[in-house]
Amino acid sequence: MNILSAKNIVKRYATHTALDDVSLDIPAQSIFGLLGPNGAGKTSLIRIINQITGPDSGEVFFENEKLSPKHVEQIGYLPEERGLYKKMEVGEQALYLAQLKGMKKADAKKKLKYWFEKFEIDAWWHKKVEELSKGMQQKVQFIVTVMHEPKLLILDEPFSGFDPINANIIKNEILNLKAQGATILFSTHNMGSVEELCDNIALINRSRKIIDGSVKDIRKENKSNLFEVEFTGNMMGFTNSLWTYGKLGEYKAEGELCKAQIQLTPGSTANQLLLSVLSAVEIHSFKELVPSMNDIFIKKVSEQNSIGTQSNFIE
Amino acid sequence: MNKILLIIKREYLSRVKKKSFILMTILGPILMVGIMIVPIWLSMQKTEKQKVEVIDDSFLFTGLIQEKDIVHFDYPPITIEQARAGFFDTDYDAILWIPKNVLNGGQNGINLFYKKQLSNSAQQHIQYSISKMLYEVMLAKNKVNVNLIKDAKDKSTFTMITTQVDEAGNDKKTNTGLYMGIGLVAAIMIYIFIFMYGVQVMRGVMEEKTSRIVEVILSSVKPFQLMMGKIVGVALVGLTQFLLWVILSTTLYTVAVATFLKDIDMKQIQAKEEVIKIGENLDFEKMGKIEEPNEMTQLWNDFKQVDMPFITLCFLFYFLVGYLMYSAMFAAIGAAVDSEADTNQFMLPITIPLIFSFGIAQTVMQDPEGSLAVWFSMIPLTSPVVMMVRLPFGGVSALEIALSMGLLVLGFLFTTWLAGKIYRTGILMYGKKISWKELGKWLFYKG
């Protein structure tokens, strides 16, 4: 079941279109990555899902119901640009924001106590936000986002501003929340974290969605039958043994050991290729080169951008 | 609705708990009562008589200058040179020298030499008494019967009794000065309140925008709720402060009067004020009236004639709705800009009507039923101040008041609607230099 479906969302501002017919389906209890370069329309989409702004056309459904103010309590939002009331005490502020999310004061207090202890920050309860370091403020903000146990967590660039140790704490917390049944939508530029965490992604560029699906499928679809072979032996013999099964790409030798990339010819299989080189050289490793999300991201975005430029040129 | 209450509560409590609020609330009344009490108290302290040595070369005034509780006169038979030479061997505070030719144009040669300045009222008493005596002597010298003139003057000076007649045929005494006072005080308070708390709303909105917390809050509540919550919260802060000031001032005043001025009954204070007042405008027309210090009682009687409950109600209405209208605009400005420095270009058009309405208050007082007064007490941007100036005069018809109030409410709804549109776009817009044209565009964005 999808916890959230966005259908044909269009959002226009005076001079440009921020979102052009974007549709998304976010399966429940998964981690969904919203990717795209700066200015692609990610924040606009996130604001629409948070009901901060409304779309010009299109609809959003939360658990198959049309998105409405009552769903606010089921959503937790950590914006990219973070901030709290500087002059307000940490605990008081967290209580206030919890109540705005519809929690009862007593429940909120209990929950906050749990989180403050977990993050070892209970000593800060009466401190003013301006007295905290930036990293501490980020922790408080994360707690504020998750304390009402939302079904859907929306995190805009969650790791920016955290040092590696705290980023790791947050990452583990995200996985924890998923295990407890929450769905997480996060937007990021950090492709490493996408491969590590995300089940599904959507890539948005220039107000349009260009790909979406599960990370596994997308990588499979985008693989280019490239293999890497490490071997010792005669380079010439190796090249000859490729026969018609593959074509030599980049290669380099480090002492005895040679490393070569082979592009499999269409119609051949990896086994045929391996069999034919086995007799010529001594194989140390043989593996398929699957493109990283980073490669796919750059490839897709630059593809679309060059098409865009061309069509502009023709016009 | 519940969330708006939460916002109001936060806005209210976070301001009321501030040190600056507590300080202002306490210092305000102390200052006010201080201004009222200290001068009276100080003048009470100068009960020791000041001694003046009169050298009267004209022999017209010797032994005749009226004694007063604050000043005593001696007439030693010495010359001015002797007096001045021995001045510091005596305990006189001052030497009053009246030259010989005082009747023949020498009155400008009357001199007062002093060691330490005489109190203002003592000095005025001397000037006034001599002037009066000179006047009488001049008349007598020319064989004019002083009493005749006095009598003629008494019978020709009068204060016109102005009476307002209402529809039911009842008479009402009027006191223009008093009405001006009431109107002016009300207008000043509305003006200050709108400014002070309007700017607080603007700052609050800017704080939320620049600290970026606004995005978190807007994921829970609608922009309009946040804006209204802040406006209402700040209004309550203003009312609290106002109320506390009234209560504290009254208490403090009572206490201060009881402790510092306990030996003096109010009549004496009034008499004192009267002396100062008469001294100020040394006017022969008022000569006969020195001994009648009952103007205060008269003022009090007139005051009781004014329909204070009605005026207070109107005041609260214009005070609140006027503030609500202006603060919505202040909120819109706060949302549109990124920093305090950018607010100026937008502040000006908003403050102009307010300053303007205050500027024409004088004209309105002169002619409270004139077309200027009537028009500007209808236009919502100026009506809170102008109407409060007109109301104490009592000539405003019920229809006019209803129309003015109705228009103000409409004005409030309209500006709030307009401000809401600018607010919800501006609050999420960063790093953009905002122009009036840009603001105009925002009005047509869809939520």
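This is a predicted model, so every value here is computed, not measured.

Thresholds applied
- Residues numbered from 1 in each chain as written.
- Chains lettered and ligands numbered in written order.
- Predicted model: local features only at pLDDT ≥ 70, side-chain atom pairs only at ≥ 80, totals over all residues.
- Heavy atoms only, no water.
- Helix = DSSP H or I, 4+ residues; strand = E, 2+ residues; numbered from the N terminus.
- Rg over C-alpha atoms; globule rule 2.2 N^0.38 Å.
- Buried < 20%, exposed > 50% of the residue type's maximum accessible area, 1.4 Å probe, protein only.
- Contact = heavy atoms within 4.5 Å.
- Areas by Shrake-Rupley, 256 points an atom, 1.4 Å probe, with all protein chains shown as cover.
- Buried area = accessible area lost by both parts, 1.4 Å probe.
- Salt bridge = Lys/Arg side-chain N within 4 Å of Asp/Glu carboxyl O.
- Polar contact = N/O pair within 3.5 Å; in protein donor to acceptor, adjacent residues only side chain to side chain.
- Nonpolar A, V, L, I, M, F, W, Y, C, P; charged D, E, K, R; others polar.
- Pairing = 2+ DSSP bridges.
- Axes fitted to C-alpha atoms, helices over the stretch in contact; angles between N-to-C directions.
- Patch = residues over 30% accessible without salt bridge, like charges linked within 9 Å, V, L, I, M, F, W, Y side chains within 5 Å.
- Parallel < 35°, antiparallel > 145°, perpendicular 65-115°, else oblique.
- Left-handed = near helix turned anticlockwise from the far one by under 90°.
- pLDDT = per-residue confidence, 0-100.
- Core = buried A, V, L, I, M, F, W, Y, C linked by side-chain atoms within 4.5 Å.
- Phe/Tyr/Trp six-rings, centres within 6.5 Å; stacked < 30°, edge-to-face > 60°.

**Student:** Please set out the overall build of chain A residue by residue, giving values where relevant.
**Tutor:** Tallying secondary structure elements over chain A gives ten helices and 14 strands in all. In summary, chain A has a C-alpha radius of gyration of 25 Å against a globular reference of 20 Å for 315 residues, an excess of more than 25%. Projecting the C-alpha coordinates of chain A onto the three principal axes gives extents of approximately 75 × 50 × 35 Å. For chain A, the proportion of its 315 residues judged to be buried stands at 47%. For chain A, the share of sequence-separated contacts (at least 6 apart) that also reach a separation of at least 24 residues comes to 70%.

**Student:** Describe the overall build of chain B, naming the residues involved and giving the relevant values.
**Tutor:** A count of helices and strands for chain B gives 17 helices and six strands. In the structure as shown, chain B presents an accessible area of about 24,100 Å², 65% of it carried by carbon and sulfur atoms.

**Student:** Any details on the interface of chain B and chain A? Residues and values, ideally.
**Tutor:** With 24 residues of chain B in contact, the opposing surface of chain A contributes 31 residues. A per-residue breakdown of the area chain B buries against chain A is headed by B:Arg10, B:Glu215 and B:Ser219, which together make up 22% of the total. Our enumeration of links across chain B and chain A arrives at three salt bridges. Residue A:Glu92 pairs with B:Lys17 through a salt bridge whose shortest N-O separation is 3.4 Å. Summed over the shared surface of chain B and chain A, the result is six residue pairs in polar contact (both at pLDDT 80 or more). Of all the secondary-structure elements, those providing two or more residues to the side of chain B that touches chain A are α1 (2-16), α6 (176-210) and α7 (213-218) of chain B. Each residue belonging to the side of chain B that touches chain A can be placed in one class, and the counts come to nine nonpolar, four polar and eleven charged.

**Student:** Which residues make up the pairing of strand β9 (residues 200-205) of chain A, and what values do they have?
**Tutor:** Residue and element names in this part refer to chain A. Here β9 lies mainly inside the structure; six of its six residues are buried. Here β9 shows no split at all, with Asn200, Ala202 and Ile204 on one side and Ile201, Leu203 and Asn205 on the other all buried. Alignment of strand β3 (residues 31-35) against β9, held across four bridges, turns out to be parallel. Among the inter-strand pairings, Phe32 is bridged to a residue of β9, identified as Asn200. Strand direction decides the pairing type here: β9 and strand β10 (residues 208-214), joined by six bridges, are antiparallel. If you follow Leu203 over to β10, its bridge partner there is Ile211.

**Student:** Give a description of the sheet that holds strand β2 (residues 17-27) of chain A that names residues and reports values.
**Tutor:** Residue and element names in this part refer to chain A. Ordered by their spatial adjacency, four strands build an open sheet running β2-β1-β4-β5, and the pairing between neighbours is antiparallel. Edge positions in the sheet fall to β2 and β5 (65-66), since each has one partner strand and no second. Both strand β1 (residues 2-12) and β2 contribute to a ladder of seven bridges, which runs antiparallel. Residue pairing in the sheet places Arg12 in a bridge with Thr17 of β2. Packing of helix α1 (residues 42-49) onto the sheet brings it into contact with β1, β2 and β4 (57-62), and relative to β2 it is tilted by some 60 degrees.

**Student:** Talk me through the pattern of salt bridges; I want residue IDs and the actual numbers.
**Tutor:** Under the criterion given, the structure shown has 28 salt bridges over all chains. Its salt-bridge partner being A:Lys209, residue A:Asp212 comes within 3.0 Å of it at the nearest N-O pair. In this structure, B:Lys230 engages B:Glu11 in a salt bridge whose closest nitrogen and oxygen atoms are separated by 2.9 Å. On the criterion of sequence distance, the pair formed by B:Lys230 in helix α8 (residues 223-260) and B:Glu11 in helix α1 is long-range, its members being 219 residues apart. Just as B:Lys230 is buried, B:Glu11 falls in that class too. Look at the salt bridges and you will find they share partners, linking B:Arg10, B:Glu11, B:Arg15, B:Glu208 and B:Lys230 into a network.

**Student:** Summarise unusual backbone geometry; cite the residues concerned and give the values.
**Tutor:** With a phi angle near 50 degrees, A:Glu149 is a residue other than glycine that sits in the positive phi range. Along the chain, the position of A:Glu149 falls in the loop between α4 (134-146) and β7 (152-156). For B:Lys143, which is not a glycine, the phi torsion comes out positive at approximately 60 degrees. As for its position among the elements, B:Lys143 is in the loop between α4 (120-141) and α5 (146-156).

**Student:** Provide a residue-level description of a nonpolar patch on the surface, including the pertinent values.
**Tutor:** All names here are of chain B. Nonpolar side chains collect at one region of the surface, where Ile22, Leu23, Ile26, Leu27, Ile30 and Leu252 lie side by side and expose about 520 Å² of accessible area between them. Element by element, the count of residues in the nonpolar patch is highest for helix α2 (residues 19-45), at five residues. For Leu252, the location among the structural elements is in helix α8.

**Student:** Describe the packing of helix α11 (residues 308-336) of chain B against helix α16 (residues 398-426) of chain B, listing the residues and the values that go with them.
**Tutor:** Residues and elements named next belong to chain B. As a packed pair, α11 and α16 sit with axes 8 Å apart at the nearest point and diverge in direction by 20 degrees. The angle between α11 and α16 places the two elements in the roughly parallel class. Once α11 is placed against α16, the crossing between them reads as left-handed. For the contact of α11 with α16, the per-class residue count stands at 21 nonpolar, six polar and no charged.

**Student:** Quick rundown of the confidence of the model for chain A? Include the residues and the values.
**Tutor:** Here chain A shows a mean pLDDT of 87. Residues at 70 or above account for 97%. Low pLDDT, under 50, characterises residues 310-315 of chain A; the stretch is placed with zero contacts to residues that sit more than four places away or in other chains.

**Student:** Describe in detail the nonpolar core, supporting the description with residues and values.
**Tutor:** Counting 167 residues, the largest nonpolar core has A:Leu97, A:Leu152, A:Met293, B:Ile231, B:Tyr318, B:Tyr323 and B:Met388 as the members making the most contacts within it. By residue number, the principal contributor to this core is α11(B), which donates 18 residues. Contact partners of A:Met293, with chain neighbours within four places excluded, come to A:Leu35, A:Met191, A:Val194, A:Glu195, A:Ile201, A:Val215, A:Ile218 and A:Arg219.

**Student:** Residue-level account of the packing of aromatic side chains, with values.
**Tutor:** Residue and element names in this part refer to chain A. Tallied over the entire structure, the rule returns 20 aromatic pairs over all chains. Here the aromatic rings of Phe119 and Phe142 are separated by 6.2 Å at their centres, their planes lie at 15 degrees, and the arrangement is stacked. Of the two residues, Phe119 sits in the loop between α3 (105-118) and α4 while Phe142 sits in helix α4, which places them 23 residues apart along the sequence. We classify Phe119 as buried; its relative accessible area is 6%.

**Student:** Describe helix α2 (residues 90-100) of chain A, listing the residues and the values that go with them.
**Tutor:** Where burial is concerned, most of α2(A) is hidden: ten out of the eleven residues are buried. When α2(A) is considered as a whole, its buried residues turn out to be A:Val90, A:Gly91, A:Gln93, A:Ala94, A:Leu95, A:Tyr96, A:Leu97, A:Ala98, A:Gln99 and A:Leu100. As for α2(A), its buried residues are in contact with α3 and α4 of chain A together with α1 and α7 of chain B. Remark: A:Gly102 follows α2(A) within two positions and exhibits a positive phi of approximately 95 degrees.

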